[in-house]
Amino acid sequence: MTTPLLQVEALNIALPVDGELRTVLHDVSFSLEPGRTVGLVGESGSGKSMTARAVARLLPPGARVRGRLEFDGASIVDLRGEALRRYRAGDVSMIFQDPRSAINPVRRIGDFLTEALRINGGMSSRAAGARAVELLAEVGIADGARRLRQYPHELSGGLLQRVMIAATLAVRPRLILADEPTTALDVSTQAEVMAILGRLRAEYGMAMLFITHDLDLAAAVCDETIVMYAGSVVEQHRGASLHEDPLHPYTAALAQARPDIDRATRRLPAIPGYPTTAYEVPPGCAFAPRCPHAVAACTTQEPQLVPIGDGHSRCIRAEELRGRMLTGPSTTEGVA
Amino acid sequence: MTTTGEVILRVEGLSKSFPGRGRGHDVLAVDGVEFELAAGGSLGIVGESGSGKTTTARMLIGLERPTTGRILIEGVDHTTPARTARQWRERGRRIQIVFQDPYTSLDRHQTIGSCLSEAVSVHVRGRAGEVSDRVEELAALVGLDDRQLRAVPRALSGGQRQRVAIARALAAEPRILILDEAVSALDVSIQAQILNLLADIRERTGISYLFISHDLAVIRQITDDTLVMRHGRVVEHGPTPRVLDEPQHAYTRLLRSSVPRPGWTPESALAALSGADPTEDDA
Ligand SMILES: Nc1ncnc2c1ncn2[C@@H]1O[C@H](COP(=O)(O)OP(=O)(O)OP(=O)(O)O)[C@@H](O)[C@H]1O
Ligand SMILES: Nc1ncnc2c1ncn2[C@@H]1O[C@H](COP(=O)(O)OP(=O)(O)O)[C@@H](O)[C@H]1O
Ligand code: SF4
Ligand SMILES: [Mg+2]
Ligand SMILES: [Mg+2]
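Residues numbered from 1 in each chain as written. Chains lettered and ligands numbered in written order. Predicted model: local features only at pLDDT ≥ 70, side-chain atom pairs only at ≥ 80, totals over all residues. Heavy atoms only, no water.

1. Notes on the overall build of chain A
Okay, so step 1: A tally of regular secondary structure across chain A gives 10 helices and 12 strands.
Okay, so step 2: In terms of C-alpha radius of gyration, chain A reaches 21 Å, essentially the compact-globule figure of 20 Å for 336 residues.
Okay, so step 3: Across its three principal axes, chain A shows a C-alpha extent of roughly 70 × 55 × 45 Å.
Okay, so step 4: Expressed as a percentage of its 336 residues, the buried residues of chain A come to 50%.
Okay, so step 5: Restricting the contact set of chain A to residue pairs at least 6 apart, pairs at least 24 apart contribute 66%.
Okay, so step 6: Only carbon and sulfur atoms are counted for the fraction: they give 51% of the accessible area of chain A, which is about 14300 Å².
Okay, so step 7: Averaged over its 36 positive side-chain charges, chain A has a centre that lies 5 Å from the centre of its 38 negative ones. (Helix = DSSP H or I, 4+ residues; strand = E, 2+ residues; numbered from the N terminus. Rg over C-alpha atoms; globule rule 2.2 N^0.38 Å. Buried < 20%, exposed > 50% of the residue type's maximum accessible area, 1.4 Å probe, protein only. Contact = heavy atoms within 4.5 Å. Areas by Shrake-Rupley, 256 points an atom, 1.4 Å probe, with all protein chains shown as cover. Lys, Arg positive; Asp, Glu negative; His and termini not counted. Charge placed at Lys NZ, Arg CZ, Asp CG, Glu CD.)

And the structure:
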């Protein structure tokens, strides 16, 4: 087994909300090896971005962090000064959902792309310009020289996200933190961006933490997927069978609530109620109020993450429910 | 599903061009779009961003004046925007719209209940009791409780605000409801609740939907027919199962193969692209 590049253990994060420190991440653990992709999926507010921001050392002010966060064997939380600067400018890069909000609108693409090369790489602006054109070519943008002279508003969302990936490549980080990088893109552009990320991962051995709310996309591109609910990891799943063989009732519920492109159903099996945050969860299992399989014991004991099948599940009934959580589709087409 | 064969909306040769920026060429956002919507039917419009979906919707509800073409709703000409308040009200009873982000269209300081009362009063001239009865009825229809009616928009979740937007649009009892990416920003579990709600409302009231989305799985679930748009034009149009299972146009095939599913890889999706015309952005 390869030594992990990133190791997260019992990560707990509390943030100031209304003047009080409130838990938003609860005992999150996982590890990521070089060249591999781990997916984080879950609904809004489940703690996906918080996890990535903790790794990037980009937490909001006032955050309290407990637990272990290690990059290449060194504690991320303890990085200071030059070591922290090197970590943030060279070891990890973050790609955001909305490239437009992450780029200065009044500077040209060229200035944006060559900055890191000139400052961190010590290149002349001429050499940096030539390298920037090469980087754009790597992400499938052929007329790089022209693009360098353009402003962000002159580029579509898909092109701009490619520019952001090209900027990431300029420093060739060992870990990419991609927070819903394709959510704002068209489905065909999404495929292009995912193909570029996949190729770069294969060529340069970069590891990737890939955040998405799309279970199918996660299953297709990740070596392992982590499902989060209310600030906790509820399922950890190796391989691509996340939606066919869910190990936790929440994963099964998500997979079923999503409409199916191959058939319409009379009614979608919606999950009742709303997602909650870590500090609002009742005692026992956080998912119990919405879980179709809940029994009395679920509200009294807090389930632990236990090994099962291709991964882990935080459900006291995981073993007995395995393989029985998905009901067959009831098709309506052709009936009406 | 529940259609009678009666056509409630007919769009003929609809185009819209916007003046280009600076010395640039005009942008032809919508280019000769034609379709019919059956009473009680549900028609999906899919296409990449910038393909003209929202501009088409804005012309249908009179927020934009078509450059050419004709819009007929229940046989009445809606091509040019309403000129009088009365005309605006009458049209509001035929067609309403719900956008992606309801937050921006709700008054921050107004409670949900008073927002709905206001929408109802435009159309119900009667005793105060009638208005509040109708508000209650709408709230029940979309699943909002008393506590939520007393709340301001900020205190509601995205899914709850989307219910408010739907209730407000339904206040006029329109024959047609346009939903422009109305479920796209919602969490999967909440999206399923809203899709079920929309199906119930259509079954109960016989309303017709024009459902704009880039999400093909959602389109499959909620529409009978689908229209695929690209660069302002309709490139394919047919029953939804046919369009998705046997796409005729290369662009529809590209969209279909781009959707992640078991066994899907980005590379397989892009392989389907070669041979199709290039999708390179025109930005
Ligand atoms: N700056 C902040 N101050 C206080 N609480 C915050 C802050 N940022 C996020 N939170 C809370 O932390 C929790 C986790 O948020 P996070 O952004 O990680 O969710 P997420 O899973 O990325 O959701 P989404 O899918 O909406 O992006 C949420 O309850 C959120 O409200
Ligand atoms: N008010 C406007 N002025 C100029 N161009 C516009 C305006 N509204 C839309 N457009 C342009 O029209 C085209 C279609 O846009 P839109 O209908 O919003 O697409 P969609 O909803 O399919 O994403 C795009 O090129 C867009 O930039
Ligand atoms: S522990 Fe109980 S409530 Fe929680 S997911 Fe398992 S069955 Fe459902
Ligand atoms: Mg997030
Ligand atoms: Mg639009």
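2. Some points on the domain arrangement of chain A
Residues and elements named next belong to chain A.
Okay, so step 1: On domain assignment, one finds that chain A holds domain 1 (6–226) and domain 2 (230–260 + 269–327).
Okay, so step 2: If you average the C-alpha positions of domain 1 and of domain 2, the two centres end up 28 Å apart.
Okay, so step 3: With 23 residues of domain 1 at the contact, the number on the domain 2 side is 23 residues.
Okay, so step 4: Summed over both sides, the interface of domain 1 with domain 2 buries roughly 1900 Å², with 55% coming from carbon and sulfur.
Okay, so step 5: Together, His26, Glu43 and Leu215 form the three largest contributors to the area buried by domain 1 at its contact with domain 2, with a combined 30%.
Okay, so step 6: Seen at the junction of domain 1 and domain 2, the total is 1 salt bridge.
Okay, so step 7: Arginine 290 serves as the salt-bridge partner of glutamate 43, at 3.5 Å between the closest nitrogen and oxygen.
Okay, so step 8: For the side of domain 1 that touches domain 2, the elements supplying multiple residues, two or more each, are strand E2 (20–32), helix H8 (215–221) and strand E9 (224–229).
Okay, so step 9: When residues in the side of domain 1 that touches domain 2 are grouped by element, the largest group, 9 residues, is from E2.
Okay, so step 10: In the side of domain 1 that touches domain 2, the residues fall into 9 nonpolar, 8 polar and 6 charged. (Domains from an automatic or database assignment. Buried area = accessible area lost by both parts, 1.4 Å probe. Salt bridge = Lys/Arg side-chain N within 4 Å of Asp/Glu carboxyl O. Nonpolar A, V, L, I, M, F, W, Y, C, P; charged D, E, K, R; others polar.)

3. Points about helix H7 (residues 188–205) of chain B
Residue and element names in this part refer to chain B.
Okay, so step 1: Here H7 is 18 residues long and its end C-alpha atoms lie 26 Å apart, about the 26 Å a rise of 1.5 Å per residue gives.
Okay, so step 2: Here H7 lies mainly inside the structure; 13 of its 18 residues are buried.
Okay, so step 3: In the segment just after H7, glycine 206 is the residue with positive phi, at about 70 degrees. (Expected span 1.5 Å × (residues − 1).)

4. A few points about the nonpolar core
Generally speaking, nonpolar side chains in soluble globular proteins are found buried as a group.
Okay, so step 1: Of all hydrophobic cores here, the largest spans 114 residues; its most connected members are Leu113 of chain A together with Ile201 and Phe211 of chain B.
Okay, so step 2: The biggest single contributor to this core is helix H6 (residues 157–171) of chain A, with 9 residues.
Okay, so step 3: Sequence-distant contacts of leucine 113 of chain A, defined by excluding residues within four places in its chain, comprise Ala132, Leu136, Leu148, Val163, Ala166 and Ala167 of chain A.
Okay, so step 4: Leu5, Leu15, Val24 and Val38 of chain A belong to the second largest nonpolar core, which has 34 residues in total. (Core = buried A, V, L, I, M, F, W, Y, C linked by side-chain atoms within 4.5 Å.)

5. With respect to the site of ligand 2
All names here are of chain B.
Okay, so step 1: Around ligand 2, the neighbouring residues are Phe18, Val27, Ala29, Glu48, Ser49, Gly50, Ser51, Gly52, Lys53, Thr54 and Thr55.
Okay, so step 2: Between threonine 54 and ligand 2, the recorded distance is 2.7 Å, taken from a side-chain N or O atom to an oxygen atom.
Okay, so step 3: Within the side chain of threonine 55, an N or O atom sits 2.5 Å from an oxygen atom of ligand 2.
Okay, so step 4: Isolated, ligand 2 exposes 560 Å² of accessible area, and the fraction of that covered by the protein chains is 59%.
Okay, so step 5: Taken together, the elements giving at least two residues each to the shell around ligand 2 come down to strand E2 (27–38) and helix H1 (53–60).
Okay, so step 6: Top contributing element to the shell around ligand 2 by residue count: H1, with 3 residues.
Okay, so step 7: Residues belonging to the shell around ligand 2 are distributed by class as follows: 3 nonpolar, 6 polar and 2 charged. (Near = heavy atom within 4 Å. Polar contact = N/O pair within 3.5 Å; in protein donor to acceptor, adjacent residues only side chain to side chain.)

6. Notes on the site of ligand 3
Okay, so step 1: Taken together, His248, Pro249, Cys285, Ala288, Cys291, His293, Ala294, Cys298, Pro303, Cys315, Ile316 and Arg317 of chain A make up all the residues around ligand 3.
Okay, so step 2: Across the shell around ligand 3, the residue classes tally to 9 nonpolar, 2 polar and 1 charged.

7. Structural notes on the packing of aromatic side chains
Here the distance between the centres and the angle between the planes together describe a pair of aromatic rings.
Residues and elements named next belong to chain A.
Okay, so step 1: Within the structure shown, the criterion is met by 4 aromatic pairs over all chains.
Okay, so step 2: Geometrically, the ring pair formed by tyrosine 229 and tyrosine 250 is tilted, given 4.6 Å between the ring centres and 55 degrees between the ring planes. Placement of the pair is tyrosine 229 in strand E9 and tyrosine 250 in helix H9 (residues 249–257), with a sequence separation of 21 residues. In this pair, the class of tyrosine 229 matches that of tyrosine 250, namely buried.
Okay, so step 3: Where tyrosine 229 meets phenylalanine 287, the ring centres are 5.2 Å apart and the plane angle is 75 degrees; that geometry is what we call edge-to-face. Of this pair, tyrosine 229 sits in strand E9 while phenylalanine 287 sits in the loop between H9 and strand E11 (306–308), placing them 58 residues apart in sequence. Pair check on accessibility: tyrosine 229 and phenylalanine 287 agree, each one buried. (Phe/Tyr/Trp six-rings, centres within 6.5 Å; stacked < 30°, edge-to-face > 60°.)

8. So, the interface of chain B and chain A
Okay, so step 1: Taken together, the 41 residues of chain B in the interface contact 47 residues of chain A.
Okay, so step 2: Notably, a salt bridge pairs arginine 258 of chain A with aspartate 215 of chain B, separated by 2.9 Å at the nearest N-O pair.
Okay, so step 3: Seen at the junction of chain B and chain A, the total is 14 residue pairs in polar contact (both at pLDDT 80 or more).
Okay, so step 4: For the side of chain B that touches chain A, the secondary structure elements donating two or more residues are helix H6 (158–170), H7, helix H8 (216–222), helix H9 (240–245), helix H10 (250–258) and helix H11 (266–273) of chain B.
Okay, so step 5: Considering each element in turn, the side of chain B that touches chain A owes the most residues, 9 residues, to H7 of chain B.
Okay, so step 6: By residue class, the composition of the side of chain B that touches chain A is 20 nonpolar, 10 polar and 11 charged.

9. Examining the side chain of aspartate 216 of chain A
Okay, so step 1: Here aspartate 216 of chain A lies in helix H8.
Okay, so step 2: Look at aspartate 216 of chain A: it is buried, it has no salt bridge, and the nearest opposite charge is arginine 258 of chain A at 4.6 Å.
Okay, so step 3: At 3.1 Å, the side chain of aspartate 216 of chain A and the side chain of histidine 243 of chain A are in polar contact.
Okay, so step 4: With residues up to four places along the chain from it excluded, the contact list for aspartate 216 of chain A reads His243 of chain A together with Pro260 and Arg261 of chain B.

10. Quick word on helix H4 (residues 128–142) of chain B
All names here are of chain B.
Okay, so step 1: When the terminal C-alpha atoms of H4 are compared, their 22 Å separation across 15 residues agrees well with the 21 Å that a helix rising 1.5 Å per residue should span.
Okay, so step 2: Where H4 is buried, its residues touch helix H3 (112–123), helix H5 (146–150), H6 and H7.
Okay, so step 3: After H4 finishes, the residue glycine 143 shows a positive phi value of roughly 80 degrees.

11. Observations regarding the domain arrangement of chain B
All names here are of chain B.
Okay, so step 1: Domain boundaries in chain B define domain 1 (1–82 + 181–188 + 206–239) and domain 2 (247–283).
Okay, so step 2: Between domain 1 and domain 2 the total buried area reaches about 830 Å² when both faces are included, carbon and sulfur atoms providing 58% of it.
Okay, so step 3: A per-residue breakdown of the area domain 1 buries against domain 2 is headed by Leu216, Arg230 and Glu236, which together make up 59% of the total.
Okay, so step 4: Run the count over domain 1 and domain 2 and you get 4 residue pairs in polar contact (both at pLDDT 80 or more).

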